[in-house]
Amino acid sequence: MLKQISSFTRFFIVLISFPAWISAPVSGQTEPAISVAPEVSYRVFDTYHTEKPIFYGLSDAMTSKDVHVLESLSQNERRLIEAEISPPAIGILRNLNSPLQFSMVGAPIPGENEIDYAGGYFQPVRNDTIIWTTQFKSSGADMIRLFFSEGYFPSGVKINIFSEHNFALTLHDLQGQLNDYGFYTPSAFSDRLTLQVLIAPGSFRDSLRFVIPSLIHADNRYIEQTDNSVPCQEDVNCTYANGYTNIQALKGSTARLFFLVGSLYYFCSGGLVNDSRTQDYQPFLLTANHCFSTQASANSLESLFDYYTTSCNGSNNSNYVTVTGSNLIKTNSQSDFTLVLLKQYPTSDYNDRWYLGWNTGSVANSATLHSVHHPAGVRQRYSRHQNKTSPAFNCGTTHFHHTTTLGGGFEGGSSGSTIVNESGQIVGQLYGKCYSGTFDDCTFSTYNGIWGKFSSSYGNNNLAYWLNNGGSSVSMTNSPASSLSFGTVNVGTTSTLNVTITNNGTVPNYLNLDAGTVTISGTSAGDFSLGGATSLYLSPGQSGTIAVRFSPTSAGAKTAVLNIPHNANNIASPRTLSLTGTGISVCKTCPDYDVAITPAETWSTHSATIPNSGCTIYRVNVTEGLTYTFQTGCGNEATANFDTYFTLFGQSCTVLMANDDGCESNRSWLVICGEQMSVLLRTGNHGVVSGL
């Protein structure tokens, strides 16, 4: 986005009148300059958050009532988009024909067959987990994003989205109660998207609910399809850009931004900003106030990092990173800045993630400055500038730097990009061009670039509170608070309990919580394990769960410690919880036994109630050379209404033979030629066994 507005004189800034505050004094400018250096983060996120989900296909094709279709953009919708030239729009928020409303309260639970419900299909899946599937289409779109306006997502529920080009994501942010601004999914690069909701058995009757009233439709025809729309633009991977020492920091911090303002969908540029906290990297991002300035827009933000070439004017880097959502920290039109905190960490396994430093000091006349941005939405471009304290075209220098471009052009879509000094420190962000009469993008003498001064933004808006240890912090709670007790659990089985971790800070004064990587230590650590996520990244107000499993391998009391490292300021790290549980053995082991049986020429029978995953061991004295039959079915009045199997041990307790379902479903038998032995009978369910 690039502003073009008229000034009080013959100079112009590329469509609104230049405001009267241009001559207002800058407070705090006599303070000593403060600076922070750029830093690179090598944080690798939990692979649980990056693995692709599985798509579960339906046995029958979806019907028209389960595919929510919007026709191609109308002429009026296209006129609205095309009218937004400066700033440029690329799409629009479209209402569905009727809002999709889903609730598990009173919902049917599918058995063997699929069930049509709430504009989608229920289907049973393995281990009693059920799936609800629906599909959306906005005809002719190149990108679509769903909007959840409200919802509650309990533990045990997983939301997955799928589209063309092997697009598959789990929406880990959909946990607990949605805030008032809702949630926008990441962009699917197609005109259709499939939504699948996985509901674990424990969540069948929980209050899972959500509403999807609309989606964003974006069209590539409104983004330049060639990188040569302005011939003087410079690729970030070519020789000219590589002449700047800190080009990697600029590349690794710059993002292409998509966002809603009202119902229209725009794009700009922006960059990550370092702070002076030492215990973490908070993903602050700086852009322009004229790009967006509200929490509603910040919530819709989608930031695309590492969108550049793999070589000079080469192919696209395929390992780009997308981050959805942000919280508005501070914004002001005076120096045209907006500072947000991204809701996710822009991690990458392939590219360094840089946080630019900043400097509140003055910028010397003729100082060389550098910027990376996305003009017209294309791949990253580099431009070099020279600061002018007495510019040829002056649109007001109190809160804005004026520069002459030395190389590399910029245009709509570049707005909000950071401009840095030789040390990689931000001194401003792009506002527009100041010119007289007309200008040409590649005739640099026909205009000056104008950039909101970071010194004005910092000094007049208390940015020290967030960027320089001025009071912002991270706050965390967890439930249960100090211990997790599993009670008694049968040896050989597993019980799972959740620990809920909450970032209980509020926006904008609190920061993101980074909890992980979680570990288990202590005497019986081997009897406990983690299921699912081992780390959580939570913006203020968000909650997440860590699943802890207890799988006793032997009888007796077990203890361990759950360790949760974190960056919160209100409690010590790591947060520890004691884990306790008692294993109960439901089976004796050979040579111990439960019942002695003396076989005869007629059937000797015994009835036993065997608990889940339990067993009964029978001691049988036999005579060598005679044949003996043991069975839980196959006639002779032996019955078993649950699955059984035999294991036969010899006198030395070695396994001689075993049988499962030897004569019919759920029934087992053994025929042996005897020596002294024991028989071990196991079952998968509660029930009565007879017929030995």
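Within any chain, residue numbers begin from 1 and follow the written order of that chain's sequence. Where local features are concerned, this predicted model is filtered to residues with pLDDT of at least 70; where side-chain atom pairs are given and counted, the filter is 80 or more; whole-chain, interface and lining totals use all residues. Based on all heavy atoms of the structure, the side-chain values leave hydrogens and waters out of the count.

Strands here are runs of E lasting at least two residues and helices are runs of H or I lasting at least four, both read from the DSSP assignment and numbered beginning at the N terminus. On a plain count of helices and strands, the chain comes out with six helices and 52 strands. A burial count over the chain gives 55% of its 692 residues as buried. By element, 47% of the accessible surface of the chain is carried by carbon and sulfur atoms, the whole surface being about 27700 Å². Burial classification: accessible surface area is computed with a 1.4 Å probe over protein chains only, and a residue below 20% of its type maximum counts as buried, one above 50% as exposed, and the rest as partly exposed. Using a 1.4 Å probe, the Shrake-Rupley method yields the accessible areas, and only the shown protein chains count as cover for residues.

Let us look at the sheet that holds strand E41 (residues 543-550). The pairing of strands in a sheet happens through backbone hydrogen bonds and is either parallel or antiparallel. Two strands qualify as a pair provided DSSP detects at least 2 bridges between them. Taken together, the four strands give an open sheet; going across it, the order is E34-E36-E41-E39, and neighbouring strands pair in antiparallel fashion. On the outer flanks of this sheet lie strand E34 (476-479) and strand E39 (528-531), each paired with one strand and no other. Put simply, the sheet's adjacent strands are angled 30 degrees from each other on average, direction ignored. Both E39 and E41 contribute to a ladder of four bridges, which runs antiparallel. Every axis in this analysis is a line fitted to C-alpha atoms, fitted for helices over the stretch in contact. Angles between the N-to-C directions lie between 0 and 180 degrees.

Any empty space left between the atoms is revealed when a probe the size of a water molecule rolls over them. Volume-wise, the largest cavity comes out at about 50 Å³. Secondary-structure elements contributing two or more residues to the lining of the largest cavity are strand E19 (254-261) and strand E22 (302-305). Residue polarity follows a fixed list, in which Ala, Val, Leu, Ile, Met, Phe, Trp, Tyr, Cys and Pro are nonpolar, Asp, Glu, Lys and Arg are charged, and the others, Gly among them, are polar. A class-by-class count of the residues in the lining of the largest cavity yields four nonpolar, two polar and two charged. Residues are said to line a cavity or pocket when one of their atoms sits within 4 Å of a point; the points come from a 1 Å grid over protein atoms alone, cavities being sets where a 1.4 Å probe fits but cannot get out and pockets being open sets with protein on both sides within 12 Å along at least five of seven lines. Grid points are joined across faces, edges and corners, and a volume is the space filled by probe spheres set on the points.

What follows deals with unusual backbone geometry. Each neighbour pair has its own omega, and for Gly516 with Thr517 the value is 5 degrees, a cis peptide bond. Structurally, Thr517 is set in the loop between strand E37 (513-516) and strand E38 (519-521). The phi torsion at His165 lies on the positive side, around 60 degrees, for a residue other than glycine. By the secondary structure assignment, His165 is in the loop between strand E12 (157-163) and strand E13 (167-170).

What follows deals with the state of the cysteines. When two cysteine sulfur atoms lie within 2.5 Å, the pair is treated as a disulfide. Applying the stated rule across the entire model yields four disulfides. Covalently, Cys232 is tied to Cys442 through a disulfide, its sulfur atoms 2.2 Å apart. Residues Cys232 and Cys442 are joined by a disulfide whose S-S torsion is about -80 degrees; by sign, that bridge is left-handed. Taken as a pair, Cys232 in the loop between strand E17 (209-218) and strand E18 (234-235) and Cys442 in the loop between strand E32 (425-436) and strand E33 (447-453) lie far apart in primary sequence, 210 residues in all. Relative accessible area serves as the criterion here: at 16%, Cys232 is assigned to the buried category. Assessed through its relative accessible area of 26%, Cys442 is described here as partly exposed.

Okay, the pairing of E17 next. Among the 10 residues that make up E17, nine are buried, leaving the element largely enclosed by the rest of the structure. Judged from the five bridges that link them, strand E10 (residues 143-148) and E17 form a sheet pairing that is antiparallel. Across the sheet, residue Leu146 finds its bridge partner in E17, namely Leu215. Summarising the sheet, strand E11 (residues 150-153) and E17 pair through three bridges and their orientation is antiparallel. Across the sheet, residue Gly151 finds its bridge partner in E17, namely Phe210.

Below, the discussion takes up the environment of Pro53. You can see Pro53 is positioned in the loop between strand E4 (39-41) and strand E5 (67-70). When the C-alpha positions of Pro53 and Ala168 are compared, they lie 6.2 Å apart, and in sequence the two are 115 residues distant. Note on contacts: a residue pair qualifies if any of its non-hydrogen atoms lie within 4.5 Å across the two residues. Discounting chain neighbours no more than four positions away, the residues touching Pro53 are Asn160, Phe162, Ala168, Leu169 and Thr170.

In this section: the sheet that holds strand E42 (residues 556-564). Sheet architecture is open: four strands sit in the order E35-E43-E42-E38, paired in mixed fashion. With partners counted over all chains shown, the strands left at the sheet margins are strand E35 (483-490) and E38, one partner each. Neighbouring strand axes in the sheet, compared pairwise and without regard to direction, differ in orientation by 25 degrees on average. Two elements, E42 and strand E43 (residues 575-584), share nine bridges in a ladder whose sense is antiparallel.

Here a ring pair, both rings aromatic, is described through the centre-centre distance and the interplanar angle of the planes. The rule is short: rings of Phe, Tyr and Trp, with Trp giving its six-membered ring, pair when the centres are within 6.5 Å, and they are stacked under 30 degrees, edge-to-face over 60, tilted in between. In the structure shown here, the tally under the stated rule is 31 aromatic pairs. Between Phe55 and Phe162, the ring centres sit 5.1 Å apart and the planes meet at 70 degrees, which makes this aromatic pair edge-to-face. Of this pair, Phe55 sits in the loop between E4 and E5 while Phe162 sits in strand E12, placing them 107 residues apart in sequence. Considering the side-chain rings of Phe258 and Tyr265, the 5.7 Å spacing of their centres and the 25 degrees angle between planes classify their relative orientation as stacked. Accessibility assignment for this pair places Phe258 and Tyr265 in one class, buried.

What follows concerns the confidence of the model for the chain. Parts of the model with low pLDDT should not have their predicted coordinates read in detail. Every residue gets a pLDDT, meaning the predictor's confidence in that residue, from 0 to 100. Predicted confidence across the chain gives a mean pLDDT of 86, with 86% of residues reaching 70 or more. Across residues 15-30 the pLDDT falls below 50, and counting only partners more than four positions away or on other chains, this stretch makes 43 contacts in the model.

Salt bridges are defined as contacts in which a side-chain nitrogen from Lys or Arg sits within 4 Å of a carboxyl oxygen from Asp or Glu. This model, assessed by the stated rule, comprises eight salt bridges. Between Lys433 and Asp441 there is a salt bridge, with its nearest N and O atoms 2.2 Å apart. Overall, the relative accessible area of 1% leaves Lys433 in the buried class. Among the ionic contacts, a cluster of salt bridges with common partners joins Arg78, Asp219 and Arg221.

A few words now on the environment of Ser300. With respect to the secondary-structure elements, Ser300 resides in helix H4 (residues 295-300). With 119 residues separating them along the chain, Ser300 and Tyr181 place their C-alpha atoms 8.8 Å apart. When neighbours within four sequence positions are excluded, Ser300 is seen to be in contact with Arg145, Tyr184, Phe258, Phe259 and Leu260. Throughout this description, a polar contact denotes any pair of N or O atoms lying within 3.5 Å of each other; where both atoms belong to protein, one of them has to be capable of donating a hydrogen while the other can accept it, and for residues adjacent in sequence the pair is counted only when both atoms sit in side chains. Here the side chain of Ser300 touches Leu260 through a polar contact of 2.9 Å, landing on its backbone nitrogen.

Our focus in this paragraph is helix H1 (residues 75-82). Of all the residues in H1, the buried ones are Glu77, Arg78 and Ile81. Seen along its axis, H1 keeps its buried residues to an arc of 95 degrees; they face one direction. In H1, the exposed positions angled more than 90 degrees off the buried face are occupied by Gln75 and Arg79. In this structure, the buried side of H1 is in contact with strand E6 (89-103) and strand E20 (264-273). The arc in question is the one traced by the directions running from the helix axis out to the C-beta atoms.

The next subject is the side chain of His373. By the secondary structure assignment, His373 is in strand E28 (residues 368-373). Of the polar contacts made by the side chain of His373, one reaches the side chain of Ser383; its length is 3.0 Å.

Glancing now at the side chain of Ser473. Relative to the helices and strands, Ser473 resides in the loop between helix H6 (464-467) and E34. Setting aside residues no more than four positions away along its own chain, Ser473 makes contact with Arg277, Asn509, Tyr510, Leu511 and Asn569.

You can see Arg192 is positioned in strand E16 (residues 192-199). We classify Arg192 as partly exposed; its relative accessible area is 29%. Between the C-alpha atoms of Arg192 and Phe162, which are 30 residues apart in sequence, the distance is 8.9 Å. Once residues within four sequence positions are removed from consideration, Arg192 is found in contact with Gln135, Phe136, Lys137, Ile144, Ser163 and Glu164. Among the polar contacts made by the side chain of Arg192, one reaches the side chain of Gln135 at a distance of 3.0 Å.

The next subject is the pairing of E34. Burial of E34 is one-sided: the residues Met476 and Asn478 facing one way are buried, the residues Thr477 and Ser479 facing the other way are not. Of the strand pairs in this sheet, E34 and strand E36 (residues 495-503) are connected by four bridges, and their pairing is antiparallel. In the strand pairing of E36, Met476 is matched with Asn503.

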